[in-house]
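An overview of the molecular structure
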Amino acid sequence: MSQPTWKNPIVAWIDYRLPVFTFAHHELVDYPTPRNLNYWWNFGSLAGVMLVILIVTGVFLAMHYTPHTDYAFASVERIMRDVNYGWLIRYLHMNGGSIFFLVVYIHLFRGLYYGSYKAPREVLWIIGVVIIFCMMATAFMGYVLPWGQMSFWAATVITNLFSAVPLFGEEIVNWLWGGFSVANPTLNRFYALHFLLPFVIFALVFVHLWALHVHKSNNPLGVEMTGDSDSIPFHPYYTIKDAFGLGVLFLVYFAFTFFAPNFFLEPDNYIEANPLVTPTHILPEWYLMPFYAILRAITFDIWFISAKLIGVIAMFASIAVLFLLPWLDTSPVRSATFRPVFKQFFWILVIDCVVLGYVGANPPEGWFIPLGQIATAYYFIHFLVLIPLIGFLERPRAVPDSIASAITAGTNPGVEQS
Amino acid sequence: MVGRILAATVAAVITVAAANAAEAPRPPGQKWSFGEIFGTYDRNALRRGLTVYTSVCGACHSLDLVAYRHLGGVDYTEDQIKAIAAEFEVEDGPDEDGEMFTRTALPADTFAAPFPNVQAARAANGGTYPPDLSLITKARKRGADYLYALLTEYRDEAPEGFELLDGMYYNEYFPGHQIAMPTPLFEGSVEYTDGTEATVAQMAWDVTTFLAWAAEPEMEERKRLGIKVLIFVLVLTAMLYALKRQIWSRLH
Ligand code: HEM
C-alpha cells in the first residue's frame, strides 16, 4: 500500500505531526475491501448514518424539550407546533429510531447468515452485541421522554421487572425510580441517560470499526481475502455503492417521516401520562416486541424461582446468547452459501423472531401464550442446540480457494453483477 | 369532597373495565379532504367546524394546545383571528395589586378553556372528565373516522339486555358502549353563516375536519415539503446508481 504524499503544505504540516490524513487515506480510501460484497453489506454504514442523524436531531430536540412531568408532554407539542420545523426534527428523530433498529437488525442477521461472527472477528461481533444492548436502553428511555400514556406505563412495567431480583428487588426498583413510583426524578434521570448513551454508542461504533479494520470485511463466500486480486479499494467502489444505498434508505425513511409519521407509534402516546388510568394494552415500540414476548412467555415458577424473574432472565439471555455464538457454532465454514442445512434453519430463526414480535404485540391471552412459549423455546434451542449440532452433522459444499478464483470460475453466487 | 373523588374513581374504574370488556367495532372509513397523500384541509368545512367547536364542544372540552394565532396557518386573516379571540375571556394576572383579572382573549392565547381545572370539569360532568381535544384524532386509532362515527352513532336507547348505568349514554363506537358524554349534536345545533344545512352528519363532518387540523396543523406543510424532498432524493439516488454502475464497470 502506497504512502500518500500531501501536496497542500498545511495538510502536510499537520500530517507530519498528527497523521490524521494518512490515517483517513488508509482507512477510507485505500482500505482493501473484498470485491464481491453484496448489498447486505451496505447496512453497517447505513446504521452509522442513522446514528449521526439521531444525535443531530436529538440535540436540537433537547434545546426545546423540558424534562419535567408537568411540562414534558406540552413541551413536545410545543416543538411540534411552535418551533420552526420542530415537527420535522421530531418526526425525523422518532422515525429515525425505528429505521435505525430496522437497519441494525438487518445488519445483525447478515452477520448470522454469512458467519461473520467467526474467528477472527469474535471481538468485532461482541462489540456489536453491546451496541444493540445500549440501543435498546437508549430507545426505551427515549420512549419515556414525551410523557404520554405509553411512555409512563412502559416505564412502569419495565422498571418493575427489577423487583423480581431476589432479596433486594424492591430496593433496586426504588433506587431506579428515585422514589416510590415512576415520577419526576425518573423522567430526569432517563433524560440524562438518553442524552448520554448515544455518545457511548458512538464510541462503541468507533471501536467496532477499529476491530473491523484489523481483519477487514467478511464476504458472501466467507473465505478470507488472500491477495490484491481479491480486493478493491474502498474508494471509489464502496463509497459510491454506500451512497446509492443511502439514497434508497432515505426514500423509505422520508416516506414515513413526511407521509406516515405516526405509523410506528401507539396512538395512546398522544394522551398525556396519567398514573390513575392504565391503558388496556401496554406496548413497547415494534423493535422491542420480540423481547417483550420472551419476557411474558414464562408463566410458571420453577422451583423457588418466580416466573417473573425467569422471564427477565430469559429476556436478557436472548441477547446474551449472541455473545456465545462464536463458540457455539462448531462449523468450520462461515457462509450459509455453502451450508445447506444451516441455511434452512437460518430462515426458520427469522420466522421465529417475526412470530415473537407478533406475539409481543398482542395481549398475553388464549393461544398467544403457548405460541409465545414455543417461539421462545425455539429461539434458545436454535442457538444452544441446533447451531452446535448442525456444525457437526452437516456436510458443507466445497468452499472456493479464494474470492478471485470463485469469480473466474463463475461460481460466486454473491458476486456483484454491475 | 371525599364522596366526589370516590364517585369519580368508581366512574373511571367502570369506564376502564367496560373498555376492557367490549371492543368497539371498527369505524367505517370516510373520504376526508385531508386523507389522501396530497390532501389538504377543506377550508369551508374547517371554518364551519370551528363554529361547531366553539358553540357546542367548547362548552365542555378544552383545546389547550391550540392558540387563536395558529388559525393563520389555515388562511384566517389577522383581523378575523382577532375577532374570534375577542369573543372569549381569559384569566390573566396578577396585576400590580396582586389580583388576578379577566380580559378579552388575544391571538397569542390558547383557546379559552370551559373549566378552570380538571376537578371543575369533572364536577360539572357527573364525575367524568371531558378530555382535551387538541390531539384527539391522533390519540385514537383511525382518529378522524372514529370521531365522526362517535358523533353520529348515538342511540336513544341501549339495545335489549344492555345495562346502561345512570347518567351514561349508549354509543355504538365508544369502547364498552357506555359514554358519559350526552349526545352533543342535534339537527340545527348551530347556525352556519354560509347557508349550509346544519345536519348532525354535516356538523360531525365539519368539527372532525377542524379537530384533525388542530391535531396536525403542520400536515399541509409536511406533505408539501415531503413531495419536494422525495423527488429530490429520488433523482439523486437514480444519478448515484448510474454513477455506481459506471465506476464498477471499470472492474471488468
Ligand atoms: C441511539 C440513538 C437514539 C435513539 C435510538 C433515540 C430514540 C428515541 C425515541 C424512540 C424517542 C421517543 C420519540 C417519541 O415518541 O416522540 C426519543 C425522544 C427524544 N430523544 Fe432520542 N434517540 C437517540 C438519540 C438522541 C440524542 C443523541 C439526543 C440528545 C442529545 C436525543 C434526545 C431526545 C429527546 C429530547 C427526546 C424527546 C422528544 C420527543 O419525544 O420527540 N435522542 N429518542
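Here the structure is a predicted model, which means the values were calculated and not measured.

To continue, consider the side chain of A:Thr156. When you line up the elements, A:Thr156 lands in helix H7 (residues 149–160). According to the relative accessible area criterion, A:Thr156 is buried, its value standing at 15%.

Okay, the coordination of the iron atom of the ligand next. Residues and elements named next belong to chain A. Surrounding the iron atom of the ligand are the protein donor atoms His 93 (NE2) and His 194 (NE2), at 2.0 Å. What the six donor atoms of the iron atom of the ligand show is an angle range of 86 to 179° at the metal, which sorts the shape as octahedral. In this pair, His 93 sits in helix H5 (residues 86–113) while His 194 sits in helix H9 (residues 184–215), placing the two residues 101 residues apart along the sequence. Since its relative accessible area comes to 18%, His 93 is described here as buried. Judged by its relative accessible area of 15%, His 194 falls in the buried class.

Now for the site of the ligand. Residues and elements named next belong to chain A. Every one of the 26 residues lining the ligand counts as a neighbour, but Arg 90, His 93, Gly 142, His 194 and Phe 195 are closest to it. Between a nitrogen atom of the ligand and a side-chain N or O atom of His 93, the distance comes to 2.8 Å. His 194 places a side-chain nitrogen or oxygen 2.7 Å from a nitrogen atom of the ligand. Those elements that provide at least two residues to the shell around the ligand are helix H3 (43–62), H5, helix H6 (122–144) and H9. A total of seven residues in the shell around the ligand trace back to one element, the largest contributor, which is H3.

Attention shifts here to the pattern of salt bridges. Per the stated rule, a full pass over the model turns up 18 salt bridges over all chains. Here A:Glu224 and A:Arg121 are joined by a salt bridge, their closest N and O atoms 3.0 Å apart. Residue A:Glu224 is found in the loop between H9 and strand E2 (231–233), and its partner A:Arg121 is found in the loop between H5 and H6; the two are separated by 103 residues along the sequence. Looking at A:Glu224, the relative accessible area reads 31%, which means it is partly exposed. A:Arg121 gets classed as buried once you look at its relative accessible area, which sits at 3%. For B:Asp109, the salt bridge goes to B:Arg103, with nearest N and O atoms at 2.9 Å. The network of salt bridges with shared partners includes A:Lys118, A:Asp329, A:Arg339 and A:Glu394.

A separate point is H3(A). In this model, H3(A) (20 residues) spans 28 Å end to end at C-alpha, consistent with the 28 Å of a helix rising 1.5 Å per residue. All of the buried residues in H3(A) are A:Phe43, A:Leu46, A:Ala47, A:Met50, A:Leu51, A:Ile53, A:Leu54, A:Ile55, A:Thr57, A:Leu61 and A:Ala62.

On to the interface of chain B and chain A, then. Taken together, the contact pairs 41 residues of chain B with 41 residues of chain A. Counting each side, the surface lost to burial between chain B and chain A is near 3,600 Å², with a carbon and sulfur contribution of 70%. The tally of links between chain B and chain A comes to one salt bridge. A salt bridge links A:Asp82 to B:Arg69; the nearest nitrogen and oxygen atoms lie 3.3 Å apart. Taken together, the elements giving at least two residues each to the side of chain B that touches chain A come down to helix H1 (2–21), helix H6 (200–215) and helix H7 (219–249) of chain B.

A separate point is the environment of A:Ile390. Residues and elements named next belong to chain A. With respect to the helices and strands, the residue Ile 390 is situated in helix H14 (residues 368–393). Along the primary structure Ile 390 and Ser 229 are separated by 161 residues, whereas in three dimensions their C-alpha atoms are 33 Å apart. The contact partners of Ile 390, leaving out residues within four places of it in the chain, are Arg 339, Val 341, Phe 342 and Phe 345.

This next bit is on the packing of aromatic side chains. Counted under the stated rule, the structure contains 53 aromatic pairs over all chains. With a centroid separation of 6.4 Å and 75° between ring planes, the pair formed by A:Tyr105 and A:Trp286 is classed as edge-to-face. In this pair, A:Tyr105 sits in helix H5 while A:Trp286 sits in the loop between helix H10 (234–259) and helix H11 (289–297), placing the two residues 181 residues apart along the sequence. Its relative accessible area of 29% is what places A:Trp286 among the partly exposed residues. For the ring pair A:Phe256 and A:Phe263, a centre distance of 5.3 Å and an interplane angle of 40° mean the geometry is tilted. One aromatic cluster is present, formed by A:Phe101, A:Tyr105, A:Phe256, A:Phe263, A:Phe264, A:Trp286 and A:Tyr287 through successive ring pairs. Taking the ring centre of A:Tyr39 as reference, the NZ or CZ of A:Lys241 above it sits at 4.5 Å. Taking NZ or CZ as reference, B:Lys244 lies 4.9 Å from the ring centre of B:Trp248, over its face.

Turning our attention to a nonpolar patch on the surface. All names here are of chain A. Among the surface-exposed residues, Ile 10, Trp 13, Ile 14, Leu 18, Val 20 and Phe 21 lie close enough to one another that they form a single nonpolar patch of about 570 Å² accessible area. For the nonpolar patch, the secondary structure elements donating two or more residues are helix H1 (9–17) and helix H2 (20–30). Ile 14 sits in the partly exposed class, given a relative accessible area of 31%.

Turning to the domain arrangement of chain B, a few remarks are in order. Often the size quoted for an interface is simply the accessible area lost on bringing the parts together. Residue and element names in this part refer to chain B. Split by domain assignment, chain B resolves into domain 1 (2–66 + 110–213) and domain 2 (218–252). Contacts between the two partners involve eight residues from domain 1 and, on the opposite side, four residues from domain 2. Carbon and sulfur atoms supply 52% of the area that domain 1 and domain 2 bury against each other, a total of about 520 Å² over both sides. Considering only the side of domain 1, the residues that lose the most area to domain 2 are Ile 37, Phe 38 and Tyr 41, jointly responsible for 53% of the buried surface there.

On to the sheet that holds strand E3 (residues 154–155) of chain B. Residues and elements named next belong to chain B. If you walk across this open sheet you meet the three strands as E3-E4-E5, and the pairing is antiparallel. The open sheet has two free edges, formed respectively by E3 and strand E5 (178–179), since each of these has just one partner strand. Alignment of strand E4 (residues 169–171) against E5, held across two bridges, turns out to be antiparallel. Bridge pairing in E5 places Tyr 169 opposite Ile 179.

Criteria and cut-off values
- Residues numbered from 1 in each chain as written.
- Chains lettered and ligands numbered in written order.
- Predicted model: local features only at pLDDT ≥ 70, side-chain atom pairs only at ≥ 80, totals over all residues.
- Heavy atoms only, no water.
- Helix = DSSP H or I, 4+ residues; strand = E, 2+ residues; numbered from the N terminus.
- Buried < 20%, exposed > 50% of the residue type's maximum accessible area, 1.4 Å probe, protein only.
- Donors = N, O, S within 2.8 Å, 3.2 Å for Na, K, Ca; no water.
- Tetrahedral: all angles 85-135°; square planar, octahedral: opposite > 155°, others 65-115°.
- Near = heavy atom within 4 Å.
- Polar contact = N/O pair within 3.5 Å; in protein donor to acceptor, adjacent residues only side chain to side chain.
- Salt bridge = Lys/Arg side-chain N within 4 Å of Asp/Glu carboxyl O.
- Expected span 1.5 Å × (residues − 1).
- Contact = heavy atoms within 4.5 Å.
- Buried area = accessible area lost by both parts, 1.4 Å probe.
- Phe/Tyr/Trp six-rings, centres within 6.5 Å; stacked < 30°, edge-to-face > 60°.
- Lys NZ or Arg CZ within 6 Å of the ring centre and 35° of its normal.
- Patch = residues over 30% accessible without salt bridge, like charges linked within 9 Å, V, L, I, M, F, W, Y side chains within 5 Å.
- Areas by Shrake-Rupley, 256 points an atom, 1.4 Å probe, with all protein chains shown as cover.
- Domains from an automatic or database assignment.
- Pairing = 2+ DSSP bridges.

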